[in-house]
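# Structure assessment
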Amino acid sequence: MNAFVGLLSLLGILVGLIAVAVPLRFLKIHSRRMALMVVATCSATFFAAVALDSRARAPAEGAKTASASAQQGLASPAVNDGCHLAGALPNCKEEVAKIAAARAANPTLFNHADPPPIKQTVGSNSARTYVDDWMNELKAKEASANVKALAAKREYDAAKFRSEVANNRIESSMRDRDAASQRYKLERDSRVYDMRIRERERERQRRGY
């Protein structure tokens, strides 16, 4: 039953993918959105059928293993149990039979083997891969944004430094111009003062004559 449902789900997924490219109006799929809904529904049904099928097969495989172990135990030749030795238990035969029956019923309790690996469905692998790819893409975008922000900050700092240097040069040139203007004014005032003193001395000399 699960296999039949899985086949129908695969067929529905195929029809949905075809309808995404070309809407199948004769199947009442009039848009790509409806086709995507069909694909999602059939995918969920397929994964559920696969999970139920794997769960149904597990007890059957366990029963086959137990029956095969029991048959192997019955077919194997008799082993010396040591009940004929001196000092053996009075009910040695019964205890040995109980241990053999328990081992045939549950062979995994007596076989020290590694546990079977956990089976993962295709859906879980694909979902995990999608999430990992999405996280990696998000980290890559974040790293790219950080690099761009760092580059922009460096450009801003460089522009700010250039602006400060230009302002300092302008202020220095203005101070130099003001100092030159002050020197020129002082020199002019000094020359004027000297000229006035000379004129006064000439005037005094003229009057003295």
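Just so we're clear, the structure is a prediction, and the values are computed from it rather than from any experiment. (Residues numbered from 1 in each chain as written. Predicted model: local features only at pLDDT ≥ 70, side-chain atom pairs only at ≥ 80, totals over all residues. Heavy atoms only, no water.)

Moving on, we get to the overall build of the protein chain. Across its full length, the protein chain carries 4 helices and 0 strands. Each helix (α) and strand (β) of the protein chain, taken in turn from the N terminus, gives the series α-α-α-α. In the protein chain, which comprises 209 residues, the share counted as buried stands at 9%. Restricting to contacts in the protein chain with at least 6 residues of sequence separation, those with at least 24 account for 44%. As presented, the protein chain carries roughly 18,000 Å² of accessible surface, and 61% of it is formed by carbon and sulfur atoms. (Helix = DSSP H or I, 4+ residues; strand = E, 2+ residues; numbered from the N terminus. Buried < 20%, exposed > 50% of the residue type's maximum accessible area, 1.4 Å probe, protein only. Contact = heavy atoms within 4.5 Å. Areas by Shrake-Rupley, 256 points an atom, 1.4 Å probe, with all protein chains shown as cover.)

Once that is clear, we can look at the side chain of Ser43. When you line up the elements, Ser43 lands in helix H2 (residues 32–75). On the basis of relative accessible area, Ser43 is assigned to the buried category, the value being 18%. Of the polar contacts made by the side chain of Ser43, one reaches the backbone oxygen of Val39; its length is 2.7 Å. (Polar contact = N/O pair within 3.5 Å; in protein donor to acceptor, adjacent residues only side chain to side chain.)

Looking now at the confidence of the model for the protein chain. Considering every residue of the protein chain, the mean pLDDT works out to 76; 71% of them sit at 70 or more. Here residues 74–78 is a poorly scored stretch, pLDDT under 50, and it has 0 contacts once near neighbours within four places are set aside; other chains count. (pLDDT = per-residue confidence, 0-100.)

Tallied over the entire structure, the rule returns 3 salt bridges. Between Lys141 and Glu137 there is a salt bridge whose closest N-O contact spans 3.6 Å. Here Glu137 and Lys141 lie together in helix H4 (residues 122–208), a separation of 4 residues that amounts to about one turn. Asp157 is paired through a salt bridge with Lys153; the nearest N and O atoms lie 3.3 Å apart. Here Lys153 and Asp157 lie together in helix H4, a separation of 4 residues that amounts to about one turn. (Salt bridge = Lys/Arg side-chain N within 4 Å of Asp/Glu carboxyl O.)

This paragraph deals with a nonpolar patch on the surface. A surface patch of nonpolar side chains, about 490 Å² in accessible area, is lined by Phe4, Leu8, Leu11, Leu14 and Ile18. Turning to its location among the elements, Ile18 is positioned in helix H1 (residues 2–21). By relative accessible area, Ile18 is classed as partly exposed at 42%. (Patch = residues over 30% accessible without salt bridge, like charges linked within 9 Å, V, L, I, M, F, W, Y side chains within 5 Å.)

What follows deals with the environment of Val38. By the element assignment, Val38 lies in helix H2. A C-alpha to C-alpha distance of 8.8 Å links Val38 and Leu17, two positions 21 residues apart in sequence. Setting aside residues no more than four positions away along its own chain, Val38 makes contact with Gly12, Gly16 and Ile29.

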